[in-house]
Amino acid sequence: MAVEKTLILVKPDGTHRKLTGLVIDRLDAAGLEMVGAKMVSVSEKLAREHYKALADKPFFPDLIKYIRGEFHGFKDHRVMALAYRGENAIGKARAVAGATNPEHASPGTIRGSFGRITTTGHFENVLHASSDEADAEREVKLWFRPDELLKD
Ligand code: IDP
Ligand code: MG
């Protein structure tokens, strides 16, 4: 199995509900190594670039508001960005996260335990985890400068 890097974001519902420590704990338990960590004030530009593959989706405008903390009262747009490294890190982090739709996520996953669909129909699924090698490489570069990451 290849050693990979992957990007995790504790989304504004996660930071708002004090789940940052839990996310880090679960990723630790999965055997992944943290190689970058910071709080980020998410600009509209960064949000749109991060989710550009979803620009055609009907939920895209709300997704941009969600990741910028606008549904959770964060005037500073706070998200915790984490970079992890490890064997099969992308798949392991996705397994820790669970399915995108919190209603379909297994109970033992973070999204299964703590995600929800709001009464307004929005997914609140606590964290982002890169979905494949190409996305992971693009996303780690988008959120971290090279000097913010521990060396390989
Ligand atoms: P992922 O986060 O599990 O990789 P993606 O399909 O890449 O899922 O979607 C990115 C994010 O967009 C999801 O985490 C979720 O916040 C939001 N999203 C995806 N599909 C839906 C939907 O059908 N309704 C509302 N929000 C969605
Ligand atoms: Mg995705």
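Scope of this entry: the structure provided in the associated data block.

Rules of the game
- Residues numbered from 1 in each chain as written.
- Chains lettered and ligands numbered in written order.
- Predicted model: local features only at pLDDT ≥ 70, side-chain atom pairs only at ≥ 80, totals over all residues.
- Heavy atoms only, no water.
- Helix = DSSP H or I, 4+ residues; strand = E, 2+ residues; numbered from the N terminus.
- Rg over C-alpha atoms; globule rule 2.2 N^0.38 Å.
- Buried < 20%, exposed > 50% of the residue type's maximum accessible area, 1.4 Å probe, protein only.
- Salt bridge = Lys/Arg side-chain N within 4 Å of Asp/Glu carboxyl O.
- Core = buried A, V, L, I, M, F, W, Y, C linked by side-chain atoms within 4.5 Å.

**Things to note about the overall build of the chain**
Scanning the chain for helices and strands turns up 7 helices and 6 strands. Counting helices and strands in the order they occur from the N terminus, the chain gives β-α-α-β-α-α-β-α-α-β-β-β-α. Against the 2.2 N^0.38 benchmark of 15 Å for 152 residues, the chain shows a C-alpha radius of gyration of 14 Å, consistent with a compact globule. Taken over the C-alpha atoms alone, the chain extends approximately 40 × 35 × 30 Å along its principal axes. Buried positions account for 45% of the 152 residues belonging to the chain.

**Describing the pattern of salt bridges**
With the rule as written, the count across this model stands at 14 salt bridges. Residues Glu33 and Arg85 are paired through a salt bridge, measuring 3.3 Å at the closest nitrogen-oxygen approach. Here Glu33, found in strand β2 (residues 33-41), pairs with Arg85, found in strand β3 (residues 78-87); they are 52 residues apart in sequence, far enough to count as distant. Note that Glu44 and Arg48 form a salt bridge whose closest N and O atoms lie 2.9 Å from each other. With a gap of 4 residues between them, Glu44 and Arg48 both fall in helix α3 (residues 44-50), about one helical turn apart. The partly exposed category is assigned to Glu44, whose relative accessible area is 36%. Overall, the relative accessible area of 42% leaves Arg48 in the partly exposed class.

**Quick notes on the nonpolar core**
Core analysis: the biggest nonpolar cluster contains 20 residues, and Leu9, Val42, Trp143 and Phe144 have the highest contact counts within it. Mapped by element, the contributors of at least two residues to this core are β1 (3-10), β2, α3, α4 (60-67), β3 and α7 (133-143). Broken down by element, the residue count for this core peaks at 5 residues, all from α4. In this structure, Leu27, Leu32, Met80 and Val126 belong to the second largest nonpolar core, which totals 17 residues.

**Overview of unusual backbone geometry**
Although it is not a glycine, His77 adopts a positive phi angle of roughly 55°. Here the phi dihedral of Asn88 falls at roughly 55°; this positive angle occurs in a residue that is not glycine. Following the sequence through the fold, Asn88 ends up in the loop between β3 and α5 (89-97). Overall, Asn88 belongs to the partly exposed group, its relative accessible area being 24%.

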